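Okay, here's what each chain looks like letter by letter:
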Amino acid sequence: MYGTFGDMSVALKSDQPVTAETLREAMLGHLRYSIGKNTPTATLTDWRLALSRAIRDLLVDPWFTTTNRIYGANRKRVYYLSMEFLIGRLLEDAINNLGLEEAARGAVESLDVDYSALVLDEPDAALGNGGLGRLAACFLDSMSTVGVAAHGYGIRYAHGLFRQSFHDGWQGEEAEDWLRQAHPWEFERSEVAYPVNFGGEARVSGDSGMWKAAETVMAVAYDTPVPGWRGRWANTLRLWSAQPVFEFDLERFNHGDYLGAAAPSVFAQTISRVLYPDDTTPQGKELRLKQEYFFTAASLADILRRYLAHSNDMTQLPSACAIQLNDTHPAIAAPELVRLLTDKHGMGFEAAFDVARRCLNYTNHTLLPEALERWSVDLMAQALPRHMQIIERIDALHAKRHTRPASVKIVDGGEVRMGDLAFISANRVNGVSALHTELMKKTVFAELHALHPERIVNETNGVTPRRWIWGCNPGLRSLLNDALGEGWVTDLDRLRALEKHADDPAFRARFAMIKTANKRRFARWLESAHGQNIPVDAMFDVQIKRMHEYKRQLLNVLEAAALRNAIRRDPDAVWAPRVKIFGGKAAPGYAMAKLIIKLINDVGRAINRDPACRGRLSVVYPPNYNVSMAEILIPASDLSEQISTAGKEASGTGNMKFAMNGALTVGTLDGANVEIGEQVGWENIFIFGHTAEQVLAIREAGYNPSKAIDADPHLAEVVDQIAAGAFSPEEPTRYAALVENLRHHDWFQVCADFTAYYEMQREIDAAWRDQDGWRRKAILNVARMGMFSSDRTIRGYARDVWGVTPEY
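J.: Can you lay out the pairing of strand 4 (residues 150-155) for me, pointing to particular residues and giving the numbers?
T.: Across the 6 residues that make up strand 4, a large majority, 6, are buried. Side chains of strand 4 alternate between two faces, with A150, G152 and G154 and H151, Y153 and I155 buried alike. Bridge analysis of strand 3 (residues 77-81) against strand 4 gives 4 bridges, and the strand direction is parallel. Bridge pairing in strand 4 places V78 opposite A150. Pairing of strand 4 with strand 11 (residues 234-244), which is carried by 5 bridges, proceeds in the parallel orientation. Counted as the bridge partner of G152 is L237 from strand 11.

Dropping the structure here:
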């Protein structure tokens, strides 16, 4: 705890008992010595920063201990490279992992500060957008919990993706400002800085090359400790911030060129400013490529520095490190690692490639060919000339070693195919659900799989129960602890023991009370934050995902409009009351996704104003969906919408979080929905629509969406209403492009699946009216979700991909 020696303070130690009193004294010490405030002038943010610093103190010793254990045992390390780490708020997560909930609450409340308000004061770290980033965050948690020696590597974005708002129903985008306040969890490592080069010229000399760059920025490290459960192990998330080599050109400034004097700083900071800059312009494409290379190059330089501190034998690098590429964004790692081995360490090209391939592993997250990144040869040669040379040599080497079809190329049609580069350069390529992995073998990587049949493995995704049950759903946590003890949080298979309680009336009643309390909590938040009131006795029907046509938010809103029509025709019928809740952002340059957002808000406005729908149907779309919103909404949800076009969703992880928290799933046989159905029982999940094989067959047969529309009166009525401007009377032609797409293109087969979806929703209405049966299904969903812990996933990677043994 804090003692004093003159004006010096001594932080809490992890090996000393932590009580509310000692934590209180640590907070007061940090308030005074770290923040420079006293008690009368302290704001809520000051108190939150003080508590965060005190909790961070408790992470440092296990963090250092872990590092010493890794070095002492010369452990093989895992390096997880990801463009996103959607870590959310860290304070409550760290408190939970350390088992300090009571002490933290007691310390804060003893200072007359509202503990809940203090926790909610923390901004979400704007380091990701969707499932890719949240998966990476869950994996960091699980690697620390099971004891895998690991580093996460990414970018310290100053402004994230964007803060979403709605202006008359249209998506607005403003810069995130999460770093306006101090970020108390990170340690700046100004001494850990690497030059990252761009542009210029490259010359080849034998197996090596010389690169004379035109631009250079510095990658500066910021470290955040990532504790596992109860602080037994702590790994590191290292994020890179782009900074100029020379901060300021004084000569230009003194000559009156004030903007030019700051140009180096502006250029460098642009690289780590925004996640996924709009790439509909040439400048946007160039910036994205530079971002990907920036963090990948810095990470590889850091990995090699760490290795060279203990060994100069670069041929043994694969025995010391496994590098995981989370999607194609860091696929430039292959030519970069080859460049370092050849140009800097004198290794022959083929030997360098073989070493690199034994280190690298690639996780594929998409079956959409257009989502597998491609860069123009011209852009690659301009931005990274040495890497373009190496990519061409990797392509030629692969062709020399394997009799391959003409269509198997990394460089083709003036483009560099990053998915093919990642596959060819990887020791293992993994899918993220059983269905996705099999479809990878048959579709996007069919020819490469035929050449390398041993390379593709499956590692079905998972989520951390520490955040997604223990942290976000305290009522369910207490119920599980009472029924099972606390061991389920690190051994989720123990949830199976809940099955025997599914028919216990008292257990069902307590389960239902917890769900109702969670719904009230969300309803209070929605009213407070957005001024919208919703009935808590209605079914909370939720779809929260990044906006994309294949995720089919459009199907959901068309069904909502059709249900409104049905209610208006027969208002005296018995309708299961619903609140349809949407959440998610569209990429700034994705016009159709943004138009769908507008349609959801327009249809929602019409439904919410319709007297016939009052108490029966409402629609809400709170803006700026993020981890913190999910932590309130998922425990409150009754129905989870997982309705992507079959064969398009790699896995999904939201589906797992919902089911763990007692929501039933309505979905297609896509991604991990298949495995969820197998686990929870097909009678406890609502599956509809065409299979992946049927989707392909329909397309190959010459799909005509107009026929599907004409065949379903509910759908035809809604499409005609949208076309006539019923939901946009001030601009009747607003949705002309959307209607044209539905009637004549409909690539993601919204119309083909609408009838099955509408009919399944009416079956769900009937199931909802049997509340006792619904609760039984919900309890069985929770009980049978043990497979979907990210701990299980990480153990699979450790065994099948990385070749490491977890400590625990």
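After that view, the rundown keeps rolling.
J.: Can you lay out the packing of aromatic side chains for me, pointing to particular residues and giving the numbers?
T.: This structure, assessed with the given rule, holds 26 aromatic pairs. Geometrically, the ring pair formed by F754 and Y758 is stacked, given 6.0 Å between the ring centres and 25° between the ring planes. Pair noted here: F754 and Y758 are both in helix 31 (residues 750-769), with a separation of 4 residues, about one helical turn. In this structure Y758 comes out as buried when scored by relative accessible area, which is 8%. Of the aromatic side chains, those joined through ring pairs into one cluster are Y80, F85, F139, Y797 and W802. A cation over a ring is seen here: K290 above F198, with NZ or CZ 5.4 Å from the ring centre. Stacked on the ring of F349, the Lys or Arg R393 has its end atom at 4.1 Å from the ring centre.

J.: Tell me about unusual backbone geometry, and please be specific about residues and values.
T.: Of note, the phi angle at D168 is positive, near 55°, even though the residue is not glycine. Counting through the fold element by element, D168 comes out in the loop between strand 5 (163-167) and strand 6 (170-174). At D746, a residue that is not glycine, the phi angle is positive and equals roughly 50°. Position of D746 among the secondary structure elements: in the loop between helix 30 (736-744) and helix 31.

J.: Residue-level account of the pattern of salt bridges, with values.
T.: The full count for this structure, using the stated rule, is 69 salt bridges. The salt bridge partner of E438 is K441, with a shortest N-O separation of 3.3 Å. Here the residue E438 and the residue K441 both occupy positions in helix 17 (residues 434-442), the gap between them amounting to 3 residues, near one helical turn. K441 sits in the partly exposed class, given a relative accessible area of 22%. Each of D168, K598, D602, R605, E730, E731 and R734 takes part in salt bridges that share partners, so that together they form one network.

J.: How would you explain the sheet that holds strand 24 (residues 686-687) if you had to name every residue and give the values?
T.: The strand order 21-20-19-22-23-24 describes an open sheet built from 6 strands, whose pairing is parallel. The open sheet is flanked by strand 21 (617-620) and strand 24, the only strands paired with a single partner. Contacting strand 20 (578-583) and strand 21, helix 23 (residues 591-609) runs over the sheet at an angle of about 145° to strand 21. Set on the sheet, helix 32 (residues 771-783) makes contact with strand 22 (639-642), strand 23 (664-667) and strand 24; between it and strand 23 the angle comes to about 90°.

J.: If you had to explain the sheet that holds strand 3 to someone new, which residues and values would you point to?
T.: One open sheet accounts for 9 strands, arranged 7-10-11-4-3-12-13-17-18; its pairing is mixed. Edge strands, defined here as strands with exactly one partner in the open sheet, are strand 7 (187-198) and strand 18 (456-458). Strand-to-strand, the axes of this sheet are offset by a mean angle of 25°, without reference to chain direction. Sheet strands in contact with helix 9 (residues 263-271) are strand 7, strand 10 (215-227) and strand 11, and its direction is about 145° off that of strand 11. Helix 17 rests against strand 17 (428-431) and strand 18 of the sheet, and its axis sits at about 165° to strand 18.

J.: Please set out the environment of Y757 residue by residue, giving values where relevant.
T.: Note on placement: Y757 falls in helix 31. Distance in space between the C-alpha atoms of Y757 and V666 is 8.8 Å, their sequence separation being 91 residues. Beyond its immediate chain neighbours, meaning those up to four positions away, Y757 contacts L555, N556, E559, K580, E641, I643, V666 and F688. Here the side chain of Y757 touches E641 through a polar contact of 2.7 Å, side chain to side chain.

J.: Describe in detail the state of the cysteines, supporting the description with residues and values.
T.: One pass over the full model with this rule turns up 0 disulfides. Note on C321: no disulfide assigned, nearest cysteine sulfur contributed by C359 at a separation of 4.0 Å. Judged by its relative accessible area of 3%, C321 falls in the buried class. Looking at the unpaired C472, the closest cysteine sulfur is the one in C138, lying at 11 Å.

J.: Before we move on, can you summarise helix 22 (residues 553-569) with the specific residues and values?
T.: Side chains that are three or four residues apart share a direction in an α-helix, a result of its 3.6 residues per turn. Here helix 22 contains 17 residues, and its C-alpha end-to-end distance of 25 Å stays within 8% of the 24 Å for a straight helix at 1.5 Å per residue. Along helix 22, 15 of the 17 residues are buried, which leaves the element largely enclosed by surrounding structure.

J.: Kindly report on the nonpolar core, identifying the contributing residues and their values.
T.: In this structure, I55, F294, I323 and W802 are the most contacted members of the largest nonpolar core, which totals 147 residues. Counting residues per element, this core draws most heavily on helix 10 (residues 282-308), which supplies 11 residues. The residues contacting I323, other than those within four sequence positions of it, are Y79, L81, L300, I303, L337, C359, L360 and N361.

J.: Please give an account of a nonpolar patch on the surface that cites residues and values.
T.: On the surface, F248, L250, F253 and Y258 cluster together into a nonpolar patch covering about 420 Å² of accessible area. Topologically, Y258 is positioned in helix 8 (residues 258-261). A relative accessible area of 52% places Y258 in the exposed class.

J.: Describe the pairing of strand 12 (residues 321-326), naming the residues involved and giving the relevant values.
T.: By the criterion of burial, strand 12 is predominantly enclosed, with 6 of the 6 residues buried. Relative to strand 12, strand 3 runs parallel, the two sharing 5 bridges. Bridged to V78 within strand 12 is A322. In the sheet, strand 12 pairs with strand 13 (residues 360-363) via 4 bridges, with the strands oriented parallel. Residue pairing across strands places L325 opposite Y362, the latter belonging to strand 13.

J.: Please give an account of the side chain of D395 that cites residues and values.
T.: Tracing the chain through its elements places D395 in helix 15 (residues 385-401). Given a relative accessible area of 8%, D395 falls into the buried group. Contact partners of D395, with chain neighbours within four places excluded, come to R404, K409, I410 and V411.

Reading guide: rules and limits
- Residues numbered from 1 in each chain as written.
- Predicted model: local features only at pLDDT ≥ 70, side-chain atom pairs only at ≥ 80, totals over all residues.
- Heavy atoms only, no water.
- Buried < 20%, exposed > 50% of the residue type's maximum accessible area, 1.4 Å probe, protein only.
- Helix = DSSP H or I, 4+ residues; strand = E, 2+ residues; numbered from the N terminus.
- Pairing = 2+ DSSP bridges.
- Phe/Tyr/Trp six-rings, centres within 6.5 Å; stacked < 30°, edge-to-face > 60°.
- Lys NZ or Arg CZ within 6 Å of the ring centre and 35° of its normal.
- Salt bridge = Lys/Arg side-chain N within 4 Å of Asp/Glu carboxyl O.
- Contact = heavy atoms within 4.5 Å.
- Axes fitted to C-alpha atoms, helices over the stretch in contact; angles between N-to-C directions.
- Polar contact = N/O pair within 3.5 Å; in protein donor to acceptor, adjacent residues only side chain to side chain.
- Disulfide = S-S within 2.5 Å.
- Expected span 1.5 Å × (residues − 1).
- Core = buried A, V, L, I, M, F, W, Y, C linked by side-chain atoms within 4.5 Å.
- Patch = residues over 30% accessible without salt bridge, like charges linked within 9 Å, V, L, I, M, F, W, Y side chains within 5 Å.
- Areas by Shrake-Rupley, 256 points an atom, 1.4 Å probe, with all protein chains shown as cover.

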